[in-house]
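# Structural characterization, general
These are the residues of each chain, in order.
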Amino acid sequence: MPFSFATKIVASCTILAGAAPAFSHIVLESRSAPAGSSYKAVFLVGHGCQGSATTGVAVQIPTGFLGAKPYPKAGWTATTRIGQLAKPYHSHGRQVTEDVTLVSWMAANQEAALPDAFFDEFVLRGKLPESAGPLWFKVLQTCVSGTSDWSDVPASGTSTQGLKSPAVLLEVKPAASAQHHH
């Protein structure tokens, strides 16, 4: 069954909406990184939705994560959505007022879908904020049958204990002070 542009839009837009309950979660390979650094976010997908193969992964880019760019994935179509920034930033001598707000990958066909019993990764890169603190990536996993909406964020702190569908947490650590030795 081919995936249409409309399917891609529905998958991308429903990241903020409620979805069916799920039984696992998506995590980052590297769960912490220094503030202000370039970061390669490797989202690990351990299985599908309640036994069904994964056909799409959409990642909402959190405020402060700048210049997100997806890595291509064989058999999958990567797309980005651009949105207006609440707080512009400077990059390469120019002011940036719009940036990537969503990165998604859709399987090109059923053969490219990630079977429930298999493991894979979806990768994007960007720049971390200059200040330390938690960054929450909300992820919508679309499957042949159903979805898993990994978007629950704790009211305070970073513990995901008790959350049914926790968002993906990246702990941004204080940047190490640069020292220059001769």
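Refer to the structure above for everything that follows.
The notes below deal with the structure included here. Because the structure is a prediction, the values reported are computed rather than measured.

Its volume calculated, the largest pocket comes out at about 550 Å³. Around the largest pocket, the lining comprises 25 residues; the ones closest to its centre are T63, G64, F65, L66 and L85. Contributing elements (two or more residues each) for the lining of the largest pocket: β6 (76–91) and β7 (94–107). With eight residues, β6 is the single largest residue contributor to the lining of the largest pocket. When the residues that make up the lining of the largest pocket are grouped by side-chain class, the tally is 14 nonpolar, six polar and five charged.

Attention shifts here to the pairing of strand β8 (residues 120–127). Pairing between strand β3 (residues 38–45) and β8: eight bridges, direction antiparallel. From the neighbouring strand, L44 faces β8, where its bridge partner is E121.

Here the focus is the sheet that holds β8. The strand order across the open sheet formed by four strands is β1-β3-β8-β5, and the pairing between neighbours is antiparallel. The open sheet has two edge strands with one neighbour each: β1 (27–28) and β5 (66–70). Two strands pair when backbone bridges link them, and β1 and β3 are joined in this way by two bridges, in the antiparallel orientation. Following the sheet pairing, V27 is matched in β3 by L44.

A word on the state of the cysteines. By definition, a disulfide is the covalent link that joins the sulfur atoms of two cysteine residues. Using the criterion set out here, one finds one disulfide in the structure. A disulfide bridge connects C49 with C143, and the sulfur atoms are separated by 2.1 Å. One quick way to see it: the torsion about the S-S bond of C49 and C143 is about 65°, and its sign makes the bridge right-handed. Of this pair, C49 sits in the loop between β3 and β4 (54–60) while C143 sits in strand β9 (residues 133–143), placing them 94 residues apart in sequence. Residue C49 is classed as buried on the basis of its relative accessible area of 3%.

What counts, and where the lines are drawn
- Residues numbered from 1 in each chain as written.
- Predicted model: local features only at pLDDT ≥ 70, side-chain atom pairs only at ≥ 80, totals over all residues.
- Heavy atoms only, no water.
- 1 Å grid on protein atoms, 1.4 Å probe; cavity = no way out; pocket = protein on both sides within 12 Å on 5 of 7 lines; lining within 4 Å.
- Points joined across faces, edges and corners; volume = space filled by probe spheres on them.
- Helix = DSSP H or I, 4+ residues; strand = E, 2+ residues; numbered from the N terminus.
- Nonpolar A, V, L, I, M, F, W, Y, C, P; charged D, E, K, R; others polar.
- Pairing = 2+ DSSP bridges.
- Disulfide = S-S within 2.5 Å.
- Buried < 20%, exposed > 50% of the residue type's maximum accessible area, 1.4 Å probe, protein only.

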